[in-house]
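Listed below, chain by chain, are the residues.
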Amino acid sequence: MSLPPALANLLPRSRQWFASLAALVKAWSRRLPALPPLPGGTRLWVTLLSFGFLLAALQGHGRQLLRYGLDRQGWWWLTLGVGVSLLSLVVNGLAWNVILRWLGLRPRWAATTVVYLSTNLRKYLPGGIWHLAGRVQVLRRGDTPLLATPASLGQALLAVLLDPLLGAIAALALVAPEALLQGRWWSGLPWLLPLLLLVPRWLKPLLLRLEQQRARQLALADPSLQNASESADLGVAPPSHVPWLPFGAMLLFVLMRFGGFACCVLAFDQQNALEWSGWLAGFALAWTVGLVVPGAPGGLGVFEAVLLLRLGGLLPEAPLLAVALSYRAVTTAADLLGAATARADRPEPLAGMTGTSR
């Protein structure tokens, strides 16, 4: 099916405009003086600012927060939230299998999902990369029932990179419906622009650059990757087609994650305080920032701070803070249950490979 003439003429101009804009930004960035690094690193300051904001909110609304006690129905909603969040982790593990298949690997779905769940709890360790290091290590080993053939270093790095990248793109796309439903297309369409990163022309260079960066980070967690940046296995290009199926799987995961958040909203009877499209937009933005911004492991504090900043002007902060804190408790409980269940049910050959990282 051919495109309309107007659209066919617009696409080359849009690509040329984006290329010119990228060249202009790159040129200006070279002229700017290099800023000195923050003492302690960016991650420390983001964590301190996020926790400082939360402590200020707790101090200002602590007494009001105590009034939002939960009745029996509220506790049932939180229990259901734990179940939905746990199911979302299983969906995330299955989505990782879809990513592995898209990369040309042949995962054994049950074993791969078990490893994904058992390593998920490591994201709370200082550094925030131990769960990724564990998965790369497992994918590269040839004596496990995880893959039909072991992955190369480049394939393993792409596998752990595509999971959060596709999740962030999917979550940002969910911010747009709120504005589009209200007829504010000019504020909704920008959230759909990250979908362009799915196009191989932009996806390949982005992944190759992130691959080098992630290899250097993981070398600190896994001594076997000390020379990863010079490895011949590095620089593996992803397939030359749009990852629609992996993207759809990650979109389902983010929606399931929002399902657990919605249970927390219902637990405190806040479903009428805001349209569900508004809740979805606020959650998706906060979840994405907590995923990509360097801060406390697991996005701890960053998610809550962004949610309060995004929705604080639309509804009272005290119930919003109660929802955010309860969601943190729900997801942490789900992470613990998922890791415990996976460790109890994992195949025996994987037992020595998903323990504590060095």
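Residues numbered from 1 in each chain as written. Predicted model: local features only at pLDDT ≥ 70, side-chain atom pairs only at ≥ 80, totals over all residues. Heavy atoms only, no water.

A. Structural context of the overall build of the protein. Within the protein one finds 13 helices and zero strands. Shown N-terminal to C-terminal, the secondary structure of the protein runs as helices and strands in the order α-α-α-α-α-α-α-α-α-α-α-α-α. Per-residue burial over the protein gives 46% buried out of 358 residues. Considering only intrachain contacts with a sequence separation of at least 6, the fraction spanning at least 24 residues in the protein is 75%. In the structure as shown, the protein presents an accessible area of about 18400 Å², 65% of it carried by carbon and sulfur atoms. (Helix = DSSP H or I, 4+ residues; strand = E, 2+ residues; numbered from the N terminus. Buried < 20%, exposed > 50% of the residue type's maximum accessible area, 1.4 Å probe, protein only. Contact = heavy atoms within 4.5 Å. Areas by Shrake-Rupley, 256 points an atom, 1.4 Å probe, with all protein chains shown as cover.)

B. Geometry of helix α3 (residues 72-102). Its 31 residues place the ends of α3 45 Å apart at the C-alpha level, agreeing with the 45 Å of an ideal helix rising 1.5 Å per residue. Trailing α3 by a residue or two, Gly 104 shows a phi angle of about 95 degrees, which is positive. (Expected span 1.5 Å × (residues − 1).)

C. Summary view of the packing of aromatic side chains. What the rule picks out here adds up to 13 aromatic pairs. Ring plane angle 50 degrees and centroid distance 5.4 Å describe the contact between Trp 96 and Tyr 116, whose orientation is recorded as tilted. With a gap of 20 residues between them, Trp 96 in helix α3 and Tyr 116 in helix α4 (residues 109-120) connect regions that are remote in the sequence. By relative accessible area, Trp 96 is classed as buried at 1%. Given a relative accessible area of 2%, Tyr 116 falls into the buried group. One aromatic cluster is present, built from ring pairs that chain together Phe 258, Phe 261, Trp 276, Trp 279, Phe 283, Phe 303 and Tyr 327. Lying over the aromatic face of Trp 96, Arg 135 brings its terminal NZ or CZ to 6.0 Å of the ring centre. Directly above the aromatic system of Tyr 116 lies the positively charged group of Arg 135, at a separation of 3.8 Å from the ring centroid. (Phe/Tyr/Trp six-rings, centres within 6.5 Å; stacked < 30°, edge-to-face > 60°. Lys NZ or Arg CZ within 6 Å of the ring centre and 35° of its normal.)

D. The side chain of Thr 113, seen in detail. Mapped onto the fold, Thr 113 is located in helix α4. Once residues within four sequence positions are removed from consideration, Thr 113 is found in contact with Val 90, Gly 93, Leu 94 and Asn 97.

E. Fine view of the environment of Phe 268. Along the chain, the position of Phe 268 falls in the loop between α10 (244-267) and α11 (276-292). Relative accessible area serves as the criterion here: at 11%, Phe 268 is assigned to the buried category. A C-alpha to C-alpha distance of 9.1 Å links Phe 268 and Asp 71, two positions 197 residues apart in sequence.

F. Up close: the nonpolar core. Leu 139, Phe 261, Trp 279, Phe 303 and Leu 307 are the most contacted members of the largest nonpolar core, which has 82 residues in total. When near neighbours in sequence (up to four residues on either side) are disregarded, Leu 139 contacts Trp 96, Leu 100, Leu 146, Leu 147, Pro 150, Ala 151, Ala 156 and Ala 159. The next biggest cluster of nonpolar side chains, apart from the first, holds five residues, and it includes Leu 89, Leu 117, Ala 334 and Ala 342. (Core = buried A, V, L, I, M, F, W, Y, C linked by side-chain atoms within 4.5 Å.)

G. Region of interest: unusual backbone geometry. For Asp 269, which is not a glycine, the phi torsion comes out positive at approximately 55 degrees. Considering the arrangement of structural elements, one finds Asp 269 in the loop between α10 and α11.

H. Layout of the confidence of the model for the protein. In this model, the protein carries a mean pLDDT of 78, and residues with pLDDT of at least 70 account for 69%. Put simply, helix α1 (residues 5-31) is where the protein has its lowest mean pLDDT, 51, and α10 is where it has its highest, 96. The low-confidence segment residues 348-358, where pLDDT is below 50, has 28 contacts with residues more than four positions distant or belonging to other chains. (pLDDT = per-residue confidence, 0-100.)

I. Representation of the packing of α10 against α11 in the model. Contact geometry for α10 and α11: axes closest at 10 Å, N-to-C directions at 120 degrees. When the axes of α10 and α11 are compared, the pair comes out oblique. For the pair α10 and α11, the sense of crossing is right-handed. Contact residues: α10 offers Phe 253, Val 254, Arg 257, Phe 258, Phe 261, Ala 262, Val 265 and Leu 266, while α11 offers Trp 276, Trp 279, Leu 280, Phe 283 and Trp 287. In terms of residue class, the contact of α10 with α11 is made up of 12 nonpolar, no polar and one charged. (Axes fitted to C-alpha atoms, helices over the stretch in contact; angles between N-to-C directions. Parallel < 35°, antiparallel > 145°, perpendicular 65-115°, else oblique. Left-handed = near helix turned anticlockwise from the far one by under 90°. Nonpolar A, V, L, I, M, F, W, Y, C, P; charged D, E, K, R; others polar.)

J. Quick peek at a nonpolar patch on the surface. Judged by side-chain polarity, Leu 180, Trp 185, Trp 186 and Leu 189 come together as a nonpolar surface patch covering roughly 470 Å² of accessible area. As for its position among the elements, Leu 189 is in the loop between α8 (185-188) and α9 (200-218). Residue classification places Leu 189 among the partly exposed positions, given a relative accessible area of 41%. (Patch = residues over 30% accessible without salt bridge, like charges linked within 9 Å, V, L, I, M, F, W, Y side chains within 5 Å. Salt bridge = Lys/Arg side-chain N within 4 Å of Asp/Glu carboxyl O.)

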